[in-house]
Amino acid sequence: MTAALEPHPPSALRPYQRAAIDAVLAARRAGRRRLLVHLPTGAGKTVIFSHLAKLARRQVLVLAHREELLTQAREKLVRALEGDAVVEIERGAFRASADAKVLVCSIRSLHEERLARVLRGRDVGLIVYDECHHAAAEDNLRVLRQLGVFEPAFDGTLLGFTATTARGDGQGLDEVFEEVVYTRALPELIDDGYLAPLRGFRISTTADLRKLSPAGLDYDEEELAEAIDIEERNALVARSIQELARDRRTIAFCVTVNHARHLAHALNALGVPTGIVHGAMPGPARAQTLRDFREGRTHVLTNVGVLTEGFDDPGVSCVAMARPTRSEGLYAQCIGRGTRLFPGKTDCLILDFVDLTTLSLCTLPSLFGTPRDLDLRGGDANEARRVWQRIEFDRPGFELEAGAVTLAEIQDRAASFDPLTLRPDEDVRAISINAWFSLGRHGLGLHFQRSADRVNEVLVLRRPGRGKVWEVVMDDRPMERFGRIEEAVDAVDFEIERMGRATARSAKHDASWRRAADRGDALRLAVWHRLHSR
């Protein structure tokens, strides 16, 4: 049985946190001013910037977006600074006093006049931007410009922290930050025992996303809600949470407020005590709902966007992705709500609800670099990653067809995989008697001899684009393109026949030159490795 996960003492810096601090200080000494630290949710980025705030000789400004982030940051800073400095919040009606060394500010409340007042008389040397993947938004850039971080004379440090460098709108962070000075990946921190292991289930639904607009980096929320906020799917999600999560405290991510309400209704109807939180709720009502969840009066929280950032409840041990997404950044933020360690917690369960689609949805396996259609069936995502990495290393070129598949099935297929014995599709073999061999997703290959002292090579390779995507390449020279691979094969066979009887015989499976010292096998393997190492 897996041991319970005990969090490390909050006062003790973990080795990677110390390494991140050292990396920030080294970059600052090297003259760089706008730095970024990339760590997964639960890795303790607040601990890192609290320690840096303690080292800072000048005043510190902490920028955050959500109310929960403001209060959490202040509490952790107060503990880290141990009463050595005043830490205050600047937000709404709250005004920080002039003697506060650390100001925790709501970036949304920092309109131009207010920010000017905040800076008046202060010597800010360190600006910490929490959840800085929001930095590229225009109003946030306006705040950074007013702080002077892009000016040549800026002598402070802008330090961004985020669990994801990917933004939903596709904008990069390279224009805001000069360098990612430190990063650690989620699987590494799980392996090292600093984050909870993640196990997953894949639950297929009949909701159809195939007609949704593919524009942008994720689905249009209104279209998505119309497709998935249906009674049958909500009932399936509710039953899955009831059966698979059991006594686990669970967060369910939804696409709209109505979706969250309908799913909460379905769960409550099954006798699973469920609450709902969303951004439009009054502050006291939201605080009470979160308190009910933490204290066990409700077992599930359905939410819309509220809990993707800044929600720190390490007792969460199940995340239900009732909201399909194509955004890896959003997906990572969501499942990060369950990665923190907690006494008595052995792991976190991720429930992926996979709808009918022709587009790639993010799943727990895809986040760990394994095939996105992998059905973990409750298995450990990190163990699946290690198995898949061994397969990729031992059998370069091994590929899976689309469709749900278990890890055991992948291992069985990989065990029997041999690029030398791969045969072309039935359609190709039906029209050709020549010794064509498969190159996987790349296409086909064929060797023949026009003269006794040289082997010729012809490849039919898939090229990007539409229409005539199959290109014939003869001895490294592109020849002609075709719309179907069978047309390309037929054209090559015709040309080889025209080269004469001896050449035509050399292209067949039983050609004598192929059997000499397994020459044919060696040539096929060389082509396979050449294409799959690109």
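See the structure above.
Calculation rules
Residues numbered from 1 in each chain as written. Predicted model: local features only at pLDDT ≥ 70, side-chain atom pairs only at ≥ 80, totals over all residues. Heavy atoms only, no water. Pairing = 2+ DSSP bridges. Helix = DSSP H or I, 4+ residues; strand = E, 2+ residues; numbered from the N terminus. Contact = heavy atoms within 4.5 Å. Axes fitted to C-alpha atoms, helices over the stretch in contact; angles between N-to-C directions. Buried < 20%, exposed > 50% of the residue type's maximum accessible area, 1.4 Å probe, protein only. Core = buried A, V, L, I, M, F, W, Y, C linked by side-chain atoms within 4.5 Å. 1 Å grid on protein atoms, 1.4 Å probe; cavity = no way out; pocket = protein on both sides within 12 Å on 5 of 7 lines; lining within 4 Å. Points joined across faces, edges and corners; volume = space filled by probe spheres on them. Nonpolar A, V, L, I, M, F, W, Y, C, P; charged D, E, K, R; others polar.

A closer look at the sheet that holds strand β19 (residues 470–474)
Next, step 1: Across the sheet, five strands lie side by side as β16-β17-β18-β19-β20; this open sheet has antiparallel pairing. Two strands close off the open sheet at either side, each with one partner strand: β16 (437–438) and β20 (477–482).
Next, step 2: Here strand β17 (residues 443–451) pairs with strand β18 (residues 454–462) via seven bridges, running antiparallel. Counted as the bridge partner of Ser451 is Arg454 from β18.
Next, step 3: Strands in contact with helix α16 (residues 485–498) are β17, β18, β19 and β20; relative to β17, the strand with the most contacts, it is inclined by about 5°.

A few points about unusual backbone geometry
Next, step 1: Even without glycine at this site, Glu131 takes up a positive phi of about 55°.
Next, step 2: The topology assignment puts Glu131 in the loop between β5 (124–130) and α5 (138–147).
Next, step 3: Look at Asp476: it is not a glycine, yet its phi comes out positive at around 70°.
Next, step 4: When you line up the elements, Asp476 lands in the loop between β19 and β20.
Next, step 5: For Asp476, a relative accessible area of 64% corresponds to the exposed category.

Details of the nonpolar core
Next, step 1: Core analysis: the largest hydrophobic core is formed by 73 residues, its most contacted members being Val104, Leu198 and Leu307.
Next, step 2: By residue number, the principal contributor to this core is helix α1 (residues 15–29), which donates six residues.
Next, step 3: In contact with Leu307, not counting residues within four places along its chain, are Ile251, Phe253, Val277, Leu290, Leu301 and Arg337.

Quick word on empty space enclosed by the protein
Next, step 1: Inspection of the entire model under this criterion finds three cavities of 30 Å³ or more.
Next, step 2: There is about 70 Å³ of room inside the largest cavity.
Next, step 3: Of the residues contributing to the lining of the largest cavity, the split by class is seven nonpolar, two polar and two charged.
Next, step 4: Estimates place the volume of the second largest cavity at around 40 Å³.
Next, step 5: Looking at the second largest cavity, the residues that line it are Gln59, Val60, Leu61, Leu103, Val118, Leu119, Arg122 and Val124.
Next, step 6: Elements represented by at least two residues in the lining of the second largest cavity include exactly β2 (59–64) and α4 (112–119).
Next, step 7: Among the elements that make up the lining of the second largest cavity, the one with the highest residue count is β2 (three residues).
Next, step 8: A breakdown of the residues in the lining of the second largest cavity according to their chemical character gives six nonpolar, one polar and one charged.

Some remarks on the pairing of β20
Next, step 1: In the sheet, β19 pairs with β20 via four bridges, with the strands oriented antiparallel. When the bridges of β20 are listed, Met474 appears paired with Arg477.
Next, step 2: Between β19 and the antiparallel strand that follows it, β20, lie two residues; Asp475 among them carries a positive phi value of about 50°.

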